[in-house]
Amino acid sequence: MNESYLSLGSNMGNRLEMLKQAVRILAEHTSIEVVAISSLYETEPVGFTKQDPFLNMVVRIRTTLAALELLDVCQEIELELHRERLVRWGPRTIDLDILLYNQDAMETERLIVPHPRMHERAFVLIPLLEVNPSLKGFNLPDPQGVQLWKSYDGVDTF
Ligand SMILES: Nc1nc2nc(S)n(CCO)c2c(=O)[nH]1
């Protein structure tokens, strides 16, 4: 069994509904168990800043899928929820990034794990710490631009 952490974000359309649908599809996948979900955070866009704020969260999963198979599932969910890659760093209905996969380090054309920018993103680290307290070793970047939006009592209440 493998353990992985995914960062989810949305800044187009009904952001909450998009995130709920993405988590539902993950939870319904026969090879994935959603073990924990973080709170939702409203976050200022990083990188391409001239766009609407995001809702971000992190989910902890257990899976029998290999990392690249998990990436396939994430990309299928993005397509299913009408993710349009209009501008690379621009607005999106839904975005799923693999942050960590076990304690593996891998770099391929399609996937780099641990995610290469996670260490500089408060919108990733702050929710990640909620679902994996053992990562307390991270020096949190300035939490500026990351506001708690809503917390949940677990996957079932999301
Ligand atoms: N706050 C925030 N800024 C972002 N910039 C990009 S690109 N993304 C997409 C994730 O790589 C985000 C995001 O999810 N949240």
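Everything discussed here concerns the structure shown above.
Below you will find a few notes about this structure.

Scoring rules and cut-offs
Residues numbered from 1 in each chain as written. Predicted model: local features only at pLDDT ≥ 70, side-chain atom pairs only at ≥ 80, totals over all residues. Heavy atoms only, no water. Helix = DSSP H or I, 4+ residues; strand = E, 2+ residues; numbered from the N terminus. Rg over C-alpha atoms; globule rule 2.2 N^0.38 Å. Salt bridge = Lys/Arg side-chain N within 4 Å of Asp/Glu carboxyl O. Buried < 20%, exposed > 50% of the residue type's maximum accessible area, 1.4 Å probe, protein only. Phe/Tyr/Trp six-rings, centres within 6.5 Å; stacked < 30°, edge-to-face > 60°. Lys NZ or Arg CZ within 6 Å of the ring centre and 35° of its normal. Contact = heavy atoms within 4.5 Å. Near = heavy atom within 4 Å. Polar contact = N/O pair within 3.5 Å; in protein donor to acceptor, adjacent residues only side chain to side chain. Areas by Shrake-Rupley, 256 points an atom, 1.4 Å probe, with all protein chains shown as cover. Nonpolar A, V, L, I, M, F, W, Y, C, P; charged D, E, K, R; others polar.

A tally of regular secondary structure across the chain gives three helices and eight strands. The linear arrangement of helices and strands in the chain, starting from the amino end, is β-α-β-β-β-α-β-β-β-α-β. Taken over C-alpha atoms, the radius of gyration comes to 14 Å for the chain, in line with the 15 Å a tight globule of 158 residues would show. Referenced to the eigenvectors of the C-alpha coordinate spread, the extents of the chain come out at roughly 40 × 35 × 35 Å.

What follows deals with unusual backbone geometry. A cis amide bond links V113 with the next residue in sequence, P114, at an omega value of -5°. Within the fold, P114 resides in the loop between β7 (112–113) and α3 (122–131).

Moving on, we get to the pattern of salt bridges. For the structure shown, the criterion picks out six salt bridges. For R24, the salt bridge is made with E28, and the minimal N-O distance between the two is 3.2 Å. You can see R24 and its partner E28 sitting in helix α1 (residues 15–28), four residues apart, about one turn around the helix. With a closest N to O distance of 2.6 Å, D95 and R92 form a salt bridge. Here R92 falls in the buried class, since its relative accessible area comes to 9%.

Attention shifts here to the packing of aromatic side chains. Per the stated rule, a full pass over the model turns up one aromatic pair. On the basis of an interplanar angle of 85° and a centroid distance of 4.8 Å, the ring pair of Y152 and F158 is categorised as edge-to-face. Geometry around Y152 places K150 over its ring, the cationic atom sitting 5.3 Å from the centre.

A few words on the side chain of S7. With respect to the element layout, S7 can be found in strand β1 (residues 2–10). In this structure S7 comes out as buried when scored by relative accessible area, which is 3%. Non-local contacts of S7, meaning those with residues more than four positions away in its chain, are made with M57, V58, D95, L96, D97, L99 and V124.

For the rest of this paragraph, the subject is the site of the ligand. For the ligand, the set of nearby residues contains twelve residues, the closest of which are T43, E44, V46, N56 and R121. N56 has a polar side-chain atom sitting 2.9 Å from an oxygen atom of the ligand. Relative to its free-state accessible area of 370 Å², the ligand is covered by the protein chains to the extent of 96%. Of all the elements in the fold, those that place two or more residues in the shell around the ligand are β4 (54–63) and β5 (95–101). Counted by class, the shell around the ligand contains five nonpolar, two polar and five charged residues.

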